Amino acid sequence: MVPISELPTLYSSMAAVSVLPHFTANPTVSLLEKCKSMSELHQIHAHMIKTGLVHHTFAVSRLVAFCSLSGVCGGLDYAASVFPRIQQPNCFIFFAMIKGFADSASSLNSILLYSQMLSYLDEFDGVQFSIPSVLKACGRSRAFGEAQQVHGHVLKTNFQYDPFVSNSVVRMYLDLGEVGMARRVFDTMPCRDVVSWNSMIKGYVEAGEIDLARALFDEMPEKDLFSWNTMIDGYGKCGKCEHAQELFQMMKHKDVVSWTAMISGYVLNHRPKEGLVLFREMLSLGIQPDAATIVSVLSAIADLGFVEEGKWVHAYLSTNKIRLDSGFIGSALIDMYAKCGYIEDAYRIFKSISHRRSIGDWNSMISGLAIHGLGEEALEIFNDMERYDIKPNEITFLGVLSACSHGGLVQEGQYFFSLMQESYKIVPGIQHYGCMVDLLGRAGHLQEAINVLQEMPMEADVLAWKAILSACVKHGHVAIGEHAALHAIELAPEDSSCYVLLSNVYAKAGKWDNVAKVRSMMRQRGVRKIPGCSSVLSNGVVHQFLVGMEMDMMYRGRVLLKLEEVICRLKLEGYEPDLTQILLDVEEEDKENLLRVHSEKIAVAFGLINMKQGAPIHIVKNLRFCSDCHSFIKLVSMVYNRKIIVRDQNRFHYFQNGSCSCKDYW
DNA sequence: CTAGGGTTAG
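Every value quoted in this text rests on a predicted model; they were computed, and no experiment measured them.

Definitions and limits used
- Residues numbered from 1 in each chain as written.
- Chains lettered and ligands numbered in written order.
- Predicted model: local features only at pLDDT ≥ 70, side-chain atom pairs only at ≥ 80, totals over all residues.
- Heavy atoms only, no water.
- Near = heavy atom within 4 Å.
- Polar contact = N/O pair within 3.5 Å; in protein donor to acceptor, adjacent residues only side chain to side chain.
- Helix = DSSP H or I, 4+ residues; strand = E, 2+ residues; numbered from the N terminus.
- Nonpolar A, V, L, I, M, F, W, Y, C, P; charged D, E, K, R; others polar.
- Phe/Tyr/Trp six-rings, centres within 6.5 Å; stacked < 30°, edge-to-face > 60°.
- Patch = residues over 30% accessible without salt bridge, like charges linked within 9 Å, V, L, I, M, F, W, Y side chains within 5 Å.
- Areas by Shrake-Rupley, 256 points an atom, 1.4 Å probe, with all protein chains shown as cover.
- Salt bridge = Lys/Arg side-chain N within 4 Å of Asp/Glu carboxyl O.
- Lys, Arg positive; Asp, Glu negative; His and termini not counted.
- Charge placed at Lys NZ, Arg CZ, Asp CG, Glu CD.
- Buried < 20%, exposed > 50% of the residue type's maximum accessible area, 1.4 Å probe, protein only.
- Axes fitted to C-alpha atoms, helices over the stretch in contact; angles between N-to-C directions.
- Parallel < 35°, antiparallel > 145°, perpendicular 65-115°, else oblique.
- Left-handed = near helix turned anticlockwise from the far one by under 90°.
- Contact = heavy atoms within 4.5 Å.
- Expected span 1.5 Å × (residues − 1).
- Core = buried A, V, L, I, M, F, W, Y, C linked by side-chain atoms within 4.5 Å.
- Pairing = 2+ DSSP bridges.

What follows deals with the protein's contact with DNA strand B. Neighbouring DNA strand B are 47 residues, the closest being Phe-92, Asn-198, Asp-255, Asp-290 and Gly-434. Sugar and phosphate atoms form 38% of the subset of DNA strand B atoms that lie within 4 Å of the protein. Interatomic distance of 3.2 Å between a side-chain N/O atom of Lys-202 and a phosphate oxygen of DNA strand B. Within the side chain of Asp-290, one N or O atom sits 2.4 Å away from a base nitrogen of DNA strand B. Ranked by the residues each element gives to the surface near DNA strand B, the list is headed by helix α18 (residues 291–304), at six residues. Counted by class, the surface near DNA strand B contains 19 nonpolar, 19 polar and nine charged residues.

One pass over the full model with this rule turns up 18 aromatic pairs. Ring centres of Phe-186 and Trp-197 lie 5.1 Å apart, and the angle between their planes is 90°; this geometry places the pair in the edge-to-face category. Taken together, the positions of Phe-186 in helix α11 (residues 179–188) and Trp-197 in helix α12 (residues 194–206) put the pair eleven residues apart, joining distant regions of the chain. Aromatic pair Phe-397 and Tyr-424: ring centres 5.7 Å apart, planes at 50°, arrangement tilted. Placement of the pair is Phe-397 in helix α24 (residues 394–407) and Tyr-424 in the loop between α25 (410–422) and α26 (430–442), with a sequence separation of 27 residues.

With that out of the way, let us pick up a negative patch on the surface. Taken together, the side chains of Glu-376, Glu-377, Glu-380 and Glu-412 present a region of like negative charge at the surface. Here the negative patch gets three residues from one element, more than from any other, and that element is helix α23 (residues 375–387). By the element assignment, Glu-376 lies in helix α23.

Another point: the environment of Ile-371. With respect to the secondary-structure elements, Ile-371 resides in helix α22 (residues 359–371). We classify Ile-371 as buried; its relative accessible area is 17%. Taking the C-alpha atoms as reference, Ile-371 lies 9.2 Å from Gly-407; in sequence the two are 36 residues apart.

What follows concerns the packing of helix α30 (residues 496–508) against helix α31 (residues 512–525). Describing two packed helices takes the angle between their axes plus the distance from one axis to the other. One can describe the packing of α30 onto α31 by two numbers: an axis separation of 8 Å at closest approach and a directional angle of 165°. Taken together, the axes of α30 and α31 are roughly antiparallel relative to one another. Read as a crossing pair, α30 and α31 show a hand that is left-handed. Contacts from Ser-496, Tyr-499, Leu-502, Ser-503, Tyr-506 and Ala-507 in α30 reach Trp-512, Asn-514, Val-515, Val-518, Met-521, Met-522 and Arg-525 in α31. Of the residues in the contact of α30 with α31, the class split is nine nonpolar, three polar and one charged.

In this section: the environment of Ile-263. Of note, Ile-263 is situated in helix α16 (residues 256–268). A C-alpha to C-alpha distance of 6.5 Å links Ile-263 and Leu-278, two positions 15 residues apart in sequence. Those residues in contact with Ile-263 that sit more than four places away from it in its chain are Gly-275, Leu-278, Phe-279, Met-282, Thr-293, Ser-296 and Val-297.

Moving on to the environment of Glu-219. Looking at where Glu-219 falls in the secondary structure, it is placed in helix α13 (residues 210–219). According to the relative accessible area criterion, Glu-219 is partly exposed, its value standing at 49%.

Bringing helix α4 (residues 57–69) into the picture now. Compared with an ideal rise of 1.5 Å per residue, which puts 13 residues at 18 Å, α4 spans 17 Å between its outermost C-alpha atoms and is within 8% of the ideal. When α4 is considered as a whole, its buried residues turn out to be Ala-59, Val-60, Ser-61, Leu-63, Val-64, Ala-65, Phe-66, Cys-67 and Ser-68. Positive phi shows up at Gly-71, right after α4, with a value of about 80°.

This part covers the nonpolar core. Counting residues in hydrophobic clusters, the biggest one holds 172 residues, and the most contacted among them are Leu-41, Ile-131, Met-200, Ile-294 and Phe-382. At nine residues, the largest contribution of residues to this core is made by helix α28 (residues 462–475). Other than its neighbours up to four places away in sequence, Ile-294 contacts Phe-279, Pro-289, Val-313, Tyr-316, Leu-317, Ile-322 and Ile-329. Formed by 32 residues, the second largest nonpolar core is a distinct cluster that contains Ala-603, Val-604, Cys-629 and Val-639.

Bringing the sheet that holds strand β1 (residues 533–538) into the picture now. Strand order in this open sheet of six strands is β2-β1-β3-β4-β5-β6, and the pairing throughout is mixed. Both outer strands of the open sheet, β2 (541–546) and β6 (659–660), are each paired with one neighbouring strand and no more. Bridge count between β1 and strand β3 (residues 617–621): three bridges; the pairing is antiparallel. What sits directly across from Ser-535, in β3, is Val-620.

Before going further, it helps to spend a moment on the pattern of salt bridges. Across all of its chains, the model carries 20 salt bridges by this definition. A salt bridge links Glu-206 to Lys-202; its shortest N-O distance comes to 2.8 Å. With Glu-206 and Lys-202 both in helix α12 and four residues apart, the pair spans about one turn of that helix. Residue Glu-206 is classed as partly exposed on the basis of its relative accessible area of 45%. Of the charged contacts, one joins Lys-562 and Glu-565 as a salt bridge, the two residues approaching to 3.6 Å between their closest N and O atoms. Taken together, the residues span about one helical turn, with Lys-562 and Glu-565 both in helix α32 (residues 553–572) at a distance of three residues. Residue classification places Lys-562 among the buried residues on the basis of a relative accessible area of 18%. The exposure class assigned to Glu-565 is partly exposed, which follows from its relative accessible area of 38%.

Printed below as a string of structure tokens:
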């Protein structure tokens, strides 16, 4: 291979062949298309230098494009070293470099190169291909000033009539967090199309403005006549009628992407039910969901634990020939079954895609086992990964650490935490430290947990402090608990669970005065406890039980009657209600009676009435279990001889014969 | 050759 340093000499001696005809270039260029690694590329490059093909603009543009855009390791650096030696770079070569940099860690280079290109090229034709990348670079590197300059340039050159360019301007302002600016561009852009609408919807979703997103979604037109007219006008003025034609084709109503953006918007904003409602509406209108839609839908189902819906979607996949190894379908399906409590089905899916598993499939499986408390099994899957030489990523380790945490595998957790850094060179993020704090705290190694928290290279977040706080509840440390609560409340004054945990710490230590203080503090600040809510699936229908909910009197009467019966029977078996838990409730006094009855107890009573003997009762709860309900359900599982499976905020609990799969370790 | 939607995370 010819060293790069010799290139300039070769250039001058080969100058005569710089006008090679196109057909000569083809064999080598087609070799470039098939090129898979840098070493193959070096050979092709050497060949091009030997034959003088490097002076062929088209050929060298393919070379640069391959290096900068294929994502091959070291490719961009190589492209950057070749680029300055190209005597007459055209707009395609500039484009390849600009896009390559925009997607890299050094996206500012993209902006620099763009300005160089403008002064280098004689005309603007072809420049527009690079603008989307520059705009992306501005957004990514949070370069607001540069962003406005490029935007200004777009307006001056009339590239705003190019839909790719204008849509990228919208996207850029959204990336910069400037939703208002994005909306202004959106409202005034002459070539607004379905992509513009979809970007804007996603922008609102990311800003947490889900209702504004929905408003826009509902407004989406058949065809945007205003845009159409302005666009004809614009393109007419520059005589580009064929562009106008092309655009007309693109101007359709809501497409599958719009629906997916909206559905995923609900899921991301923790409103999975509305996501599912929209999905059903989409189906009823005869619009075909694709893999991306299904992934979001599965995520909504997983959140809700609606396994029946999940099974339906699973069946839909096979009838519509959507492959389990396409995109994130496999991991979403595994995750859905796991989060619905069907870990065996999750494993079956995982097994069935053994030939082409993506990293996400492995990660979903490991995290799935983790929330079922199957720590050993999760670690076995991780071993398989290593055996098959599959490189775990940072999310894999979150799953592994969480598996250790839920399984009480302290030493293993510490081992994997260092393995991750030493063998896999993964720099632990705040969530990894959070896992370690949780792992150590839960196991009662409170001082070590605090050490991790204090020595981590970033500021501790609410979750880390809450992990300490829950450890203090579990192991009864008032002083540390107060300290942790102080930090947690400072970081998230609106988060009721911080106050509730603190109140828990006091209650456990019998400090009722302080419990009352926490309660009044919450009242003063207007922080309301999230009401407990449990759902049970029976005969394909989801029944929700909310503390203080309005239930049909008859219905409620029947369920509450059953609950009374259960409590009586359990008391004969030695059940004593844990009164410390009741004092946690900080709702208004007049609801006190309802509050005595936690939603999971009602759900159990309902299940005992409605589910056939022998059928397990599946319950999904929105909050963490309280210890009274936990011991209550353990007893029910024995006295009534029932399998009861409860998913709380963190994990699954399998109750059978008086004990729980979490071994009281949660 | 350029723009829009997607999973796994204490």
